[in-house]
Amino acid sequence: MLSTRWGAAKEAEPSAASKFLLGAVSPPEALTLGGWVRQGYIWNVVDGKLVDHRELQMRTSLAAALRLGPLRAEGELGYASANSQTQLAQVTHNQDGANLVSRQHWVGLAFADDAGLVRAGRINIPFGLRNPEHTSFVRAATLTDINQDQQDGVAVSITKDSWRAEVMAILGNYSLRPDAFRERGLAGYAEAALSSTVAVGVSALATRADSALDTRAPALRQAYGLTARAALWKPLVLTAEIDALLSSLLGRGIVHTGLAGWLQEDLEVLQGLHLISALERLSPTDGSAAQLGWWGGLEWFPYPHLDVRADVIRNSSMSSPTTNTFLIQVNLYL
C-alpha cells in the first residue's frame, strides 16, 4: 500500500503479492510468517576527514506469530555478524564471530474481546516513540530502541478506539551477563487520540541494576517522557518526544539529570517516496556538553517488500568535533 504505483491504479486492499514470500506460501489462518534482510553501508566524517567506512549487516531474521483462540505467541530468530550492534539480543555468545539473535519472543493471552493482552517473554519496552532510528538521542539515552534493547518481563496492554496503554514489569535482559548488569523495574506508556490526526502520550521508566554498565556501581535509572504524533496534512506526519533523564548512584546520594528531545517530519512527496528530516538534542546525565543533531534523508518504497533509505546525520557539541555520518540501507521484507 506504501509503494510506488508505477502507473497502476491505487489499490483499495493489499494484493496477494504483499503476503509472505509474495504469496507463494499460504500458512494456516492462525499463523503469520515474516522475515527481514537489511544491509547498509556507513561513512563517518569527523572535522572533514573520513575516519571510518564499512558495510553493515543490520538484520537477517525470520519471525512467526500465532493466534489460536485467546492464545497469542510471537518469536523471531536471526543471524548477526561479529560487528553487528545486537550484542544485547544475542542467543549465542560467540565473542569472536557471528551469533544467533532474538529481538522478541513471548507468549500471551488476549482478553476483553482482543482489546487486552497479557504476555511474558522478551518484549519491546513500552516507552516513547518506537521510531526505527535506534541511534537517535531519545532511544539511545533511554535504552529503549527496538534493535536490541528489549527486556524480559511481563506486560499488560489495553488498546481501545481512542486510547491505548501498556505496563511492563522488567525482569532483566537475559542475553546480558552476568546477572548484576541486568536492570529490573517498571515501564509504561499511555497514548490518547485527540482527533483522527493528533495523538499525545506519556511514558515512564524506572529500573535498578546491581552494577551499571558504565560505572560498575549499583544504580537507579529513570526516564519520564511526553510524545506527540500529528498528521495535519495527509502527506505530512510530525512526531515529537521529550524525555527527562535521571541517573542515581545508590548509596552515594548522587543524582544526575539530563534531557533528550526529538522532532521529526515525514513528507510523502510522491507515492512511495518520503522526505525525512529530524532535529534532536541531548543533555547527558554525565554532565558533559549538550549535543545537537540533525537528520536528513530519503526513503523510497519502489515495490512491495522493498525499501531503500539514505540518510545524512550531523552531530555536534561544544566539547567534541562535529561528526557527519552518511548511511545507505536496503530493506527486504519477506
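Everything that follows concerns the structure shown earlier in this document.
As the structure is a prediction and not an experimental result, all values here were calculated from the model.

### Examining the overall build of the protein
Okay, step 1: In terms of helices and strands, the protein carries one helix and 17 strands.
Okay, step 2: Over its C-alpha atoms the protein spans a radius of gyration of 21 Å, differing by no more than 12% from the 20 Å that the globule rule assigns to 334 residues.
Okay, step 3: Taken along its principal axes, the extent of the C-alpha atoms in the protein is 65 × 50 × 50 Å.
Okay, step 4: A burial count over the protein gives 40% of its 334 residues as buried.
Okay, step 5: If you take every contact in the protein between residues at least 6 apart in sequence, the share linking residues at least 24 apart comes to 48%.
Okay, step 6: Of the roughly 17600 Å² of accessible surface on the protein, 63% is carried by carbon and sulfur atoms.
Okay, step 7: Taken as two groups, the 28 positive and 32 negative side-chain charges of the protein have centres that lie 2 Å from each other.

### Observations regarding the pattern of salt bridges
Okay, step 1: A complete count under the given rule lists 17 salt bridges for this structure.
Okay, step 2: Among the ionic pairs, Arg59 bridges to Glu76, the shortest N-O distance being 3.1 Å. Here Arg59 is found in strand S2 (residues 49–68), whereas its partner Glu76 is found in strand S3 (residues 71–80), with 17 residues between them in sequence. Here the two residues Arg59 and Glu76 agree in accessibility, since each one is buried.

### Section: the environment of Ala192
Okay, step 1: The residue Ala192 is located in strand S9 (residues 184–193) in this model.
Okay, step 2: The contacts of Ala192, once residues within four sequence positions are left out, are Ser162, Trp163, Val198, Ala199 and Val200.

### Considerations on unusual backbone geometry
Okay, step 1: In this chain, Arg177 is followed by Pro178 through a cis amide linkage whose omega measures 0°.
Okay, step 2: Secondary-structure assignment places Pro178 in the loop between strand S8 (163–172) and S9.
Okay, step 3: Not every positive phi belongs to a glycine, and Leu22 is a case in point at roughly 60°.
Okay, step 4: As for its position among the elements, Leu22 is in the segment before strand S1 (31–46).
Okay, step 5: Of note in the backbone geometry, Asp113 takes a positive phi value of approximately 55° without being a glycine.
Okay, step 6: Note that Asp113 resides in the loop between strand S5 (105–111) and strand S6 (116–123).

### Considering the layout of surface pockets
Okay, step 1: Within this model, the second largest pocket holds a volume of roughly 930 Å³.
Okay, step 2: What lines the second largest pocket is a set of 37 residues, and nearest its centre among them are Ala140, Ala141, Leu143, Asp214 and Arg221.
Okay, step 3: Elements represented by at least two residues in the lining of the second largest pocket include exactly helix H1 (137–142), strand S11 (219–233) and strand S12 (236–249).
Okay, step 4: For the lining of the second largest pocket, the class distribution of residues is 18 nonpolar, 12 polar and seven charged.

### Observations concerning the pairing of S1
Okay, step 1: Across 16 bridges, the pairing between S1 and S2 is antiparallel. Note on S2: the bridge partner recorded for Leu33 is Ala64.
Okay, step 2: In sequence, S1 turns back onto S2 through a hairpin of two residues, with Asp47 there showing a positive phi of about 50°.
Okay, step 3: Strand direction decides the pairing type here: S1 and strand S17 (residues 320–333), joined by 11 bridges, are antiparallel. The partner of Val46 across the bridge, within S17, is Thr323.

### With respect to the packing of aromatic side chains
Okay, step 1: Under the definition given, this model contains four aromatic pairs.
Okay, step 2: Each residue in the set Trp6, Trp300 and Tyr303 is aromatic and connected to the rest through ring pairs, giving one cluster.
Okay, step 3: The lysine or arginine in question, Arg59, covers the ring of Trp36, its NZ or CZ lying 3.9 Å from the ring centre.
Okay, step 4: The side chain of Arg119 reaches across the aromatic face of Trp106, ending 4.8 Å from its centre.

### Some words on the side chain of Thr239
Okay, step 1: By the secondary structure assignment, Thr239 is in strand S12.
Okay, step 2: Since its relative accessible area comes to 14%, Thr239 is described here as buried.
Okay, step 3: Ignoring any residue separated from it by four or fewer positions in sequence, one finds Thr239 in contact with Leu129, Ala228, Arg229, Trp262, Leu263 and Gln264.

Basis of the calculations
- Residues numbered from 1 in each chain as written.
- Predicted model: local features only at pLDDT ≥ 70, side-chain atom pairs only at ≥ 80, totals over all residues.
- Heavy atoms only, no water.
- Helix = DSSP H or I, 4+ residues; strand = E, 2+ residues; numbered from the N terminus.
- Rg over C-alpha atoms; globule rule 2.2 N^0.38 Å.
- Buried < 20%, exposed > 50% of the residue type's maximum accessible area, 1.4 Å probe, protein only.
- Contact = heavy atoms within 4.5 Å.
- Areas by Shrake-Rupley, 256 points an atom, 1.4 Å probe, with all protein chains shown as cover.
- Lys, Arg positive; Asp, Glu negative; His and termini not counted.
- Charge placed at Lys NZ, Arg CZ, Asp CG, Glu CD.
- Salt bridge = Lys/Arg side-chain N within 4 Å of Asp/Glu carboxyl O.
- 1 Å grid on protein atoms, 1.4 Å probe; cavity = no way out; pocket = protein on both sides within 12 Å on 5 of 7 lines; lining within 4 Å.
- Points joined across faces, edges and corners; volume = space filled by probe spheres on them.
- Nonpolar A, V, L, I, M, F, W, Y, C, P; charged D, E, K, R; others polar.
- Pairing = 2+ DSSP bridges.
- Phe/Tyr/Trp six-rings, centres within 6.5 Å; stacked < 30°, edge-to-face > 60°.
- Lys NZ or Arg CZ within 6 Å of the ring centre and 35° of its normal.

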